[in-house]
Amino acid sequence: MARPVLIAPSILSADFSKLGAEIEAIEAAGADWIHVDVMDGHFVPNITIGPAVVKALRPHGKKPFDVHLMVAPVDPYIEIFAQSGADGLTVHPESGPHVHRTLQQIRKLGKKAGVVLNPGTPIEALDNLMDLVDLILIMSVNPGFGGQSFIESQLDKIAAARKRIDATGRDIALEVDGGITPETAKRAIAAGANVLVAGTAVFQGGPSCYADNIKALRG
Ligand code: DX5
Ligand code: ZN
């Protein structure tokens, strides 16, 4: 049974001088989720936005805010992002000492709990977490920047994650993030992904291109 493919534009590639308007534009263009890349300049070599910006953006979007926390230590910030309007909070196992407890906290706050694997993080990092997660995010680039190329080796990990998800019988989203274009989207979907994050591929050409750019990713 074919899974519907959701598109989660990453606002990292949006015009940061008008993020509210950009969120309205990509929702009007067909975005299913809004992927919010939070970077602290410590876990990744880049700094983007914090909870105050997420809070300011919340009224501009009706779709779920899929917040990707590239922050370490991440535990002190879970609550404030949950209060600021995040619908899903996705964490890297490397961003704190107790990822199982972090995911428990996210669920206790009533939010969707996600775990994200870097290209260098083995699939075994999912062991013991499958009953806690609503989402598994496979990074197909090393986190920190948009506009990088898709790392082919992650296709096997996507397929392995799909197998693990299907074995649980639970409704866990399988999201892929980084270097997604109409070409790599097809391969990520074929490997088992059902949510695609795209920054460059969605925002290129400006607002008049967003709807076609999103359509081109759905295949
Ligand atoms: C990178 C971010 C990705 C990135 C995707 O650290 O997690 O979401 O914004 O950007 P593109 O689609 O341009 O690779
Ligand atoms: Zn991301």
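Quick note: structure is the one above.
Model, not experiment: these values are computed from the prediction.

Trainee: Residues and numbers for the coordination of the zinc ion (ligand 2), please.
Mentor: His35 (NE2), Asp37 (OD), His68 (ND1) and Asp177 (OD) make up the full set of protein donors to the zinc ion (ligand 2), lying at 2.1 to 2.3 Å. Note that the zinc ion (ligand 2) binds six donor atoms; their angles at the metal cover 70 to 172°, and the shape is octahedral. Mapped onto the polypeptide sequence, the residues donating to the zinc ion (ligand 2) form the spacing pattern H-x1-D-x30-H-x108-D. Of this pair, His68 sits in strand 3 (residues 65–70) while Asp177 sits in strand 7 (residues 173–177), and the two are 109 residues apart along the sequence. Accessibility assignment for this pair places His68 and Asp177 in one class, buried.

Trainee: Describe helix 5 (residues 154–168), listing the residues and the values that go with them.
Mentor: Between its terminal C-alpha atoms helix 5 stretches 21 Å, which fits the 21 Å expected from 15 residues at 1.5 Å a residue. Residues of helix 5 that are buried include every one of Gln154, Leu155, Lys157, Ile158, Ala161, Arg162 and Ile165, and no others. Take helix 5 and look down its axis: the buried residues cluster within an arc of 155°, on one side only. What points out from helix 5, more than 90 degrees from its buried face, is the exposed set Asp156, Lys163 and Ala167. Looking at the packing, one finds that the buried side of helix 5 touches strand 5 (112–117), strand 6 (135–139), strand 7 and helix 6 (182–191). At the C-terminal side of helix 5, Gly169 shows a positive phi close to 70°.

Trainee: Let's hear about the packing of aromatic side chains: which residues, and what values?
Mentor: For the structure shown, the criterion picks out one aromatic pair. Centre to centre, the rings of Phe203 and Tyr210 are 5.1 Å apart; their planes meet at 75°, and the pair counts as edge-to-face.

Trainee: Help me get a handle on the pairing of strand 5, residues and values and all.
Mentor: Within strand 5, five of the six residues are buried, leaving the element largely enclosed by the surrounding structure. Across four bridges, strand 4 (residues 88–91) lies against strand 5 in parallel orientation. In the strand pairing of strand 5, Thr90 is matched with Gly114. After leaving strand 4, the chain enters helix 4 (residues 99–108) and then returns to the sheet as strand 5, a path that is right-handed. By the bridge criterion, four bridges tie strand 5 to strand 6 in an arrangement that is parallel.

Trainee: Please set out the packing of helix 6 against helix 8 (residues 210–218) residue by residue, giving values where relevant.
Mentor: Interaxial distance between helix 6 and helix 8 falls to 7 Å at its minimum, and their mutual angle equals 35°. Of helix 8, the residues touching helix 6 (which contributes Pro182, Ala185 and Ile189) are Ala216, Leu217 and Arg218. Residue composition of the contact of helix 6 with helix 8, by class: five nonpolar, no polar and one charged.

Trainee: Report on the sheet that holds strand 8 (residues 195–198), specifying residues and quantitative values.
Mentor: Across the sheet, eight strands lie side by side as 1-8-7-6-5-4-3-2; this open sheet has parallel pairing. Edge positions in the sheet fall to strand 1 (6–9) and strand 2 (34–39), since each has one partner strand and no second. Each neighbouring strand pair of the sheet contributes to a mean axis angle of 25°, computed without reference to strand direction. Relative to strand 8, strand 7 runs parallel, the two being bridged by three bridges. Its bridge partner lying in strand 8, Glu175 is registered against Val195.

What counts and how
- Residues numbered from 1 in each chain as written.
- Chains lettered and ligands numbered in written order.
- Predicted model: local features only at pLDDT ≥ 70, side-chain atom pairs only at ≥ 80, totals over all residues.
- Heavy atoms only, no water.
- Donors = N, O, S within 2.8 Å, 3.2 Å for Na, K, Ca; no water.
- Tetrahedral: all angles 85-135°; square planar, octahedral: opposite > 155°, others 65-115°.
- Helix = DSSP H or I, 4+ residues; strand = E, 2+ residues; numbered from the N terminus.
- Buried < 20%, exposed > 50% of the residue type's maximum accessible area, 1.4 Å probe, protein only.
- Expected span 1.5 Å × (residues − 1).
- Arc of directions from axis to C-beta.
- Contact = heavy atoms within 4.5 Å.
- Phe/Tyr/Trp six-rings, centres within 6.5 Å; stacked < 30°, edge-to-face > 60°.
- Pairing = 2+ DSSP bridges.
- Right-handed = clockwise from strand over helix to strand, strands pointing away.
- Axes fitted to C-alpha atoms, helices over the stretch in contact; angles between N-to-C directions.
- Nonpolar A, V, L, I, M, F, W, Y, C, P; charged D, E, K, R; others polar.

Just geometry here; none of it tells us what the structure is for.
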